[in-house]
Amino acid sequence: MSTFSRTVADTDRTGAVSAHRASPTARRAALLVGVALLSLLTACNDGTPQGSPKTVPGTAGPASGDTGTKAGSTPAASPAASTPSKKTGTGTGSGSAPATATSGSGGGSGRCHTSELRASVGRNDPGAGQENFPVVLTNRSGRTCTVRGYPGAAFVDASGKQLGPDPRRSPGTPTTVVLAPGHSAWSGLTFSNPEISGAATATPASLVVTPPDELDSLTVTWTQGEVPVSGNASSVRLTVLSPGTAP
């Protein structure tokens with residue numbers, strides 16, 4: 001073999017050896033390049049635009065400033081209703097031409113019912129042989145309501161038995177009295193002093209008061225002594241309801 005041929009052969013063998021020895025490094029380099037290209041392709045093929053918000057599992061809380069009714073809230077309780085008493089001396093309104101008087105503010109929203117009222121008897125204002133007591137009805141409810149005409153009334157003993165006849169009605173013009181919550185209307189209960197009239201008397205335990213156009217009554221303890229129940233000038237009278245608690 002010539003010198004040139006030996007040199008070429010040696011060169012081929014050296015190159016072959018060099019290529020064989022370098023192949024692991026080349027493969028690693030190629031592997032790294034492939035991984036990098038795969039990552040780049042994966043990122044490019046992701047359908048989510050860059051910067052898009054991510055969806056997080058869970059339930060959203062209420063927005064601030066929500067003015068709706070909160071879960072578990074309880075309406076305010078209504079005012080307690082009074083217990084109706086014996087149905088004695090039924091009150092009656094009047095069908096005459098309407099007239100309105102106001103105790104407090106606000107328009108009427110229907111008749112006052114017995115359960116919405118409280119009854120009381122004011123101080124005696126005697127004069128000319130007469131005993132004069134204001135019988136007062138007060139709106140104890142949370143709404144505005146109306147009363148009109150004459151209340152019913154009757155004196156009763158401790159067992160609830162009526163003493164004497166029902167009171168008579170004094171002449172008067174009924175008006176519709178508008179009662180705002182906490183406001184009152186009064187009717188005058190009058191009778192001749194029994195010591196002057198000579199009427200037979202009894203000492204009631206209570207006065208039973210029935211609001212106009214109602215059937216149920218309210219009971220007020222009577223502490224004003226004897227009242228006429230029979231005999232001469234035994235009549236007890238009532239006036240129409242007016243705004244306020246006294247003349």
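Scroll up to find the structure this text is about.
Description of the structure in this document. Every chain is numbered independently, its residues counted from 1 as its sequence is written. The predicted origin of the model limits local features to residues at a pLDDT of at least 70 and limits the giving and counting of side-chain atom pairs to 80 or more, whereas totals for whole chains, interfaces and linings rest on all residues. Calculated side-chain values reflect all of the structure's heavy atoms, with hydrogen atoms and water omitted.

## Let's talk about the overall build of the chain
For step 1, the next point in the chain: Check the secondary structure of the chain and you find two helices and 15 strands.
For step 2, the next point in the chain: Burial classes: relative accessible area under 20% of the type maximum marks a residue as buried, over 50% as exposed, and values in between as partly exposed (1.4 Å probe, protein chains only). Out of the 247 residues belonging to the chain, those deemed buried represent 32%.
For step 3, the next point in the chain: Across the chain, every contact between residues at least 6 apart in sequence was considered, and the portion connecting residues at least 24 apart equals 82%.
For step 4, the next point in the chain: All accessibility values rest on the Shrake-Rupley procedure with a 1.4 Å probe; residue burial counts only the protein chains present in the view. Only carbon and sulfur atoms are counted for the fraction: they give 56% of the accessible area of the chain, which is about 15,000 Å². Runs of E in the DSSP output that reach at least two residues are strands. Runs of H or I that reach at least four are helices, and both are numbered from the N terminus. Any two residues having at least one pair of non-hydrogen atoms within 4.5 Å are treated as being in contact.

## Re the state of the cysteines
For step 1, the next point in the chain: For the purposes of this analysis, a disulfide is any pair of cysteine sulfur atoms at a distance within 2.5 Å. Applying the stated rule across the entire model yields one disulfide.
For step 2, the next point in the chain: Here Cys112 pairs with Cys145 through a disulfide, and the sulfurs are 2.0 Å apart. Judged by the torsion about the S-S bond (95°), the Cys112/Cys145 disulfide is right-handed. Highlighted residues: Cys112 in the loop between strand 1 (100–103) and strand 2 (117–121) and Cys145 in strand 4 (residues 145–148), separated in sequence by 33 residues.

## Some details on the packing of aromatic side chains
Geometrically, a pair of aromatic rings is defined through the distance of the ring centres and the angle of the planes.
For step 1, the next point in the chain: To pair, rings of Phe, Tyr and Trp, with the six-membered ring standing in for Trp, must have centres within 6.5 Å; the planes then decide the type, stacked if under 30 degrees apart, edge-to-face if over 60, and tilted in the middle. One pass over the structure, following the stated rule, counts three aromatic pairs.
For step 2, the next point in the chain: When the centroid spacing of 6.0 Å and the interplanar angle of 25° are considered together, the rings of Phe133 and Phe191 count as stacked. Of the two residues, Phe133 sits in strand 3 (residues 130–139) while Phe191 sits in strand 9 (residues 184–192), which places them 58 residues apart along the sequence.
For step 3, the next point in the chain: The buried category is assigned to Phe133, whose relative accessible area is 3%.
For step 4, the next point in the chain: What makes Phe191 buried here is its relative accessible area of 3%.
For step 5, the next point in the chain: Here Phe133 and Trp222 contribute two aromatic rings whose centre-to-centre distance is 5.1 Å and whose plane-to-plane angle is 65°, an arrangement assigned as edge-to-face. Taken as a pair, Phe133 in strand 3 and Trp222 in the loop between strand 12 (218–221) and strand 13 (227–230) lie far apart in primary sequence, 89 residues in all. Each member of the pair, Phe133 as well as Trp222, carries the same accessibility label: buried.

## What about the pattern of salt bridges?
For step 1, the next point in the chain: Any carboxyl oxygen of Asp or Glu within 4 Å of a side-chain nitrogen of Lys or Arg constitutes a salt bridge here. In the structure shown here, the tally under the stated rule is two salt bridges.
For step 2, the next point in the chain: The salt bridge partner of Arg111 is Glu214, with a shortest N-O separation of 2.7 Å. One end of the pair, Arg111, is in the loop between strand 1 and strand 2; the other, Glu214, is in the loop between strand 11 (206–210) and strand 12, and 103 residues separate them in sequence.
For step 3, the next point in the chain: When the shortest N-O distance is used, the salt bridge between Glu116 and Arg143 registers 2.5 Å. Of this pair, Glu116 sits in the loop between strand 1 and strand 2 while Arg143 sits in the loop between strand 3 and strand 4, and the two are 27 residues apart along the sequence.

## So, the pairing of strand 5 (residues 152–156)
Looking along a regular strand, one sees side chains alternate from face to face of the sheet.
For step 1, the next point in the chain: Across the five residues of strand 5, five count as buried, placing the element largely inside the fold.
For step 2, the next point in the chain: Both faces of strand 5 are covered, namely the face carrying Gly152, Ala154 and Val156 and the face carrying Ala153 and Phe155.
For step 3, the next point in the chain: At least two DSSP bridges between two strands are needed for those strands to be called paired. Relative to strand 6 (residues 162–163), strand 5 runs antiparallel, the two sharing two bridges. Within strand 6, the position partnered with Val156 by the bridge is Gln162.
For step 4, the next point in the chain: The turn joining strand 5 and strand 6, which pair antiparallel and follow one another in sequence, is formed by five residues; a positive phi near 95° is taken by Gly160.

## Looking at the environment of Ser242
For step 1, the next point in the chain: Relative to the assigned elements, Ser242 resides in strand 15 (residues 242–243).
For step 2, the next point in the chain: By relative accessible area, which is 26% here, Ser242 ends up partly exposed.
For step 3, the next point in the chain: Remark: the alpha-carbon pair of Ser242 and Thr176, spanning 66 residues in sequence, is separated by 8.5 Å.

## Some points on the sheet that holds strand 11
For step 1, the next point in the chain: The four strands lie next to each other as 6-5-11-12, forming an open sheet whose pairing is antiparallel. The sheet terminates laterally at strand 6 and strand 12, the two strands that pair on one side only.

## A look at unusual backbone geometry
For step 1, the next point in the chain: Phi is positive for Ala128, close to 55°, though the residue is something other than glycine.
For step 2, the next point in the chain: Structurally, Ala128 is set in the loop between strand 2 and strand 3.
For step 3, the next point in the chain: Given a relative accessible area of 85%, Ala128 falls into the exposed group.
For step 4, the next point in the chain: The phi dihedral of Asp213 is positive, around 65°, even though this residue is not glycine.
For step 5, the next point in the chain: When you line up the elements, Asp213 lands in the loop between strand 11 and strand 12.

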